[in-house]
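# Observations on the three-dimensional arrangement
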Amino acid sequence: MGQVAIEILSDADLNAILTPDEHLLWTGRPAYGRRLFQPTGAERTYLSSMTVGALVMWST
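So, here's what we can say about the structure. Quick caveat: nothing in here was measured; it's all calculated off a predicted structure. (Residues numbered from 1 in each chain as written. Predicted model: local features only at pLDDT ≥ 70, side-chain atom pairs only at ≥ 80, totals over all residues. Heavy atoms only, no water.)

Time to look at the overall build of the chain. A tally of regular secondary structure across the chain gives 2 helices and 0 strands. Across the 60 residues in the chain, those meeting the buried criterion constitute 3%. Accessible area of the chain: about 6300 Å², with a carbon and sulfur share of 62%. (Helix = DSSP H or I, 4+ residues; strand = E, 2+ residues; numbered from the N terminus. Buried < 20%, exposed > 50% of the residue type's maximum accessible area, 1.4 Å probe, protein only. Areas by Shrake-Rupley, 256 points an atom, 1.4 Å probe, with all protein chains shown as cover.)

The structure is reproduced here in structure tokens:
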């Protein structure tokens, strides 16, 4: 088995990989969902139900 190298690249490093006539098409938002108040997917349901449950328990 050969050695596997993993490289972590930032946005500026893409210019070193792509040739001038190549374009990268990406519709994603990699920074979305990383902050505390940006839940994604099912996390919204979990967080809202836990918040409601905590408020109900606290009020009783």
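Below, the discussion takes up a nonpolar patch on the surface. Where nonpolar side chains cluster on the molecular surface, the patch consists of Tyr46, Leu47 and Met50 and spans about 340 Å² of accessible area. Tracing the chain through its elements places Met50 in helix α2 (residues 43-59). Note on Met50: relative accessible area 54%, which makes it exposed. (Patch = residues over 30% accessible without salt bridge, like charges linked within 9 Å, V, L, I, M, F, W, Y side chains within 5 Å. Salt bridge = Lys/Arg side-chain N within 4 Å of Asp/Glu carboxyl O.)

Just geometry here; none of it tells us what the structure is for.
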